[in-house]
Amino acid sequence: MKIDSIQIHHYRLPLDPPFHASWDPRPRTSHTATLVRVRAGAYEGVGSGDAMLGFAGHEHLFIGRDPFEIERHVRILDNLQFMYGRMWPLEVALWDLMGQISGQPLWKLLGGREARVRMYASCGERRPADARAASARALRDAGFPALKVRFHAADPRDDIAVVRAVREAVGPDMHILVDANQGWQMPWDAAPSGDFKTALWVADALAELGVYWLEEPLQRHDYRGLADLRRRARLRIAGGEGNREYSELREYLRHGSFDVYQADVVWSTGVLRARQLAGEVQAAGAIYSPHTWGDGLVLLANLHVCAALSTAPFVEYPIDPPGWTPERRDFILPRPILPDASATIALPDAPGLGVAIDWGALEPLRIHTGTME
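What this report covers is the structure whose coordinates are included nearby. (Residues numbered from 1 in each chain as written. Predicted model: local features only at pLDDT ≥ 70, side-chain atom pairs only at ≥ 80, totals over all residues. Heavy atoms only, no water.)

### Here we look at the packing of helix H8 (residues 246-255) against helix H9 (residues 265-283)
Two numbers describe a pair of packed helices, the interaxial angle and the distance between the axes. Axis separation between H8 and H9 bottoms out at 11 Å; the angle between their running directions is 15°. Relative to H9, the element H8 lies roughly parallel. Handedness of the H8/H9 crossing: right-handed. The segment H8 lies against H9, with Tyr246, Leu249, Arg250 and Leu253 engaging Ser268, Thr269, Arg273, Gln276, Leu277, Glu280 and Val281. (Axes fitted to C-alpha atoms, helices over the stretch in contact; angles between N-to-C directions. Helix = DSSP H or I, 4+ residues; strand = E, 2+ residues; numbered from the N terminus. Parallel < 35°, antiparallel > 145°, perpendicular 65-115°, else oblique. Left-handed = near helix turned anticlockwise from the far one by under 90°. Contact = heavy atoms within 4.5 Å.)

Structure below.
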């Protein structure tokens with residue numbers, strides 16, 4: 001079986017009302033997804049994620065090759081992403097293709113530890129304390145064991161007041177996670193990242209409120225600062241969701257920067273190296289619980305890896321209605337991915353990622369570029 005063709009298509013869903021992502025100073029009026037289709041004979045694999053900028057013209061590096069040569073393919077993709085954009089959506093498509101050919105779901109191909117993944121609710125917008133407390137109660141009642149709250153106020157005391165209101169609303173049994181979003185920035189955001197002293201002060205204040213982890217409190221390459229913060233803080237420190245180079249993730253491990261490693265399978269590592277990272281992280285006694293924000297296929301790829309490999313207590317489920325709903329997030333899928341009453345998602349036994357894209361239904365949303373503007 002040889003790879004016959006690779007196609008890349010871009011789709012955009014208008015968002016009205018806009019989604020006010022805490023990490024983006026611009027309201028988001030659309031949601032863009034890039035899908036990669038890889039065909040081998042009668043089989044097709046699909047992946048999604050970044051726009052695959054720079055890939056056009058390099059299809060010949062894969063066409064005619066065995067899709068199961070995944071070590072070789074990952075090396076070539078790594079070469080390409082050094083020169084251009086992130087290329088891991090193609091690797092996800094190759095794993096989906098391997099699953100289709102072998103008749104096995106991805107989570108079984110990778111290790112088959114468990115078919116079910118417990119989720120935490122990951123909110124995306126900053127809201128006033130009373131509004132966030134109300135949404136926290138609703139998510140607790142929906143069965144979620146944990147809730148992520150976003151920070152980005154000019155005065156961190158305003159953000160801490162939101163967490164205090166959430167804790168009072170949900171009581172002591174629901175875990176609260178906090179994302180400071182200081183690790184990276186949007187292309188148009190020139191604001192400075194947070195500093196160590198502020199991060200330590202915030203960590204101490206959040207520990208008093210029983211917060212489970214503090215995510216991305218410092219710039220992503222401050223390995224030593226993050227490690228110092230982790231040693232001094234009384235709560236878990238999390239991060240590493242979007243680092244491009246695997247060597248950067250190894251630096252976190254070498255310094256002991258994190259309690260929770262969040263490298264996104266589609267955005268940061270790819271599937272093969274996610275398996276390697278999960279092993280290293282868990283052998284070091286830390287938690288592997290990846291970032292999953294994106295579209296439905298991004299979420300699904302991360303869930304397959306977690307089902308196969310992760311021992312984390314919960315994994316990210318992006319949801320923050322009305323701005324961010326499962327229907328908006330998963331618009332490229334025939335139906336949204338929904339957890340059950342215990343906030344658990346059961347992965348299918350269908351081959352590969354376990355989903356078939358309705359290409360005809362997506363055609364009206366097709367555009368010619370995958371960039372965010």
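Having seen the model, we can carry on.
### Side note on the packing of aromatic side chains
Evaluation of the coordinates by the stated rule reveals 16 aromatic pairs. Look at Tyr212 and Trp213: their rings are 6.0 Å apart centre to centre, the planes differ by 50°, and that puts the pair in the tilted class. On the basis of relative accessibility, which here comes to 12%, the residue Tyr212 falls in the buried class. An aromatic cluster of three or more residues is present, and its members are Phe19, Trp23, Trp293 and Trp324. Looking at Arg37, its charged tip hangs above the ring of Trp359, at a distance of 3.9 Å from the centre. Sitting over the face of the ring of Tyr317, Arg329 holds its NZ or CZ atom 4.4 Å from the ring centroid. (Phe/Tyr/Trp six-rings, centres within 6.5 Å; stacked < 30°, edge-to-face > 60°. Buried < 20%, exposed > 50% of the residue type's maximum accessible area, 1.4 Å probe, protein only. Lys NZ or Arg CZ within 6 Å of the ring centre and 35° of its normal.)

### Side note on the sheet that holds strand E13 (residues 366-367)
Spatial strand order, E3-E2-E1-E13: four strands in an open sheet with antiparallel pairing. Either end of the sheet is taken by a strand with one partner, and the two such strands are strand E3 (43-49) and E13. Summarising the sheet, strand E1 (residues 5-19) and E13 pair through two bridges and their orientation is antiparallel. Residue pairing across strands places His10 opposite Ile367, the latter belonging to E13. (Pairing = 2+ DSSP bridges.)

### Quick look at the nonpolar core
Core analysis: the largest hydrophobic core is formed by 118 residues, its most contacted members being Leu35, Leu90 and Leu206. No other element matches helix H10 (residues 296-309), which puts 11 residues into this core. Setting aside anything within four residues of it in sequence, one finds Leu206 in contact with Phe151, Ile160, Val163, Val178, Val211, Leu214 and Leu235. Ala146, Leu177, Ala238 and Phe314 belong to the second largest nonpolar core, which has 10 residues in total. (Core = buried A, V, L, I, M, F, W, Y, C linked by side-chain atoms within 4.5 Å.)

### With respect to empty space enclosed by the protein
Summed over the entire model, instances satisfying the criterion amount to three cavities of 30 Å³ or more. Size it by volume and the largest cavity reaches roughly 50 Å³. What lines the largest cavity is Asp78, Gln81, Trp88, Arg244, Glu245, Tyr246, Leu249, Ser268, Thr269 and Arg273. Of all elements in the fold, only helix H1 (70-83), H8 and H9 reach the threshold of two or more residues within the lining of the largest cavity. Here the element with the most residues in the lining of the largest cavity is H9; it accounts for three residues. Grouping the amino acids of the lining of the largest cavity by side-chain chemistry returns three nonpolar, three polar and four charged. The calculated volume of the second largest cavity comes to roughly 40 Å³. Residue lining of the second largest cavity: Glu125, Arg126, Arg127, Arg132, Val149, Arg150, Asp159 and Val162, and that is the complete set. At the level of elements, strand E5 (146-150) and helix H5 (156-170) are the ones that each hand at least two residues to the lining of the second largest cavity. (1 Å grid on protein atoms, 1.4 Å probe; cavity = no way out; pocket = protein on both sides within 12 Å on 5 of 7 lines; lining within 4 Å. Points joined across faces, edges and corners; volume = space filled by probe spheres on them. Nonpolar A, V, L, I, M, F, W, Y, C, P; charged D, E, K, R; others polar.)

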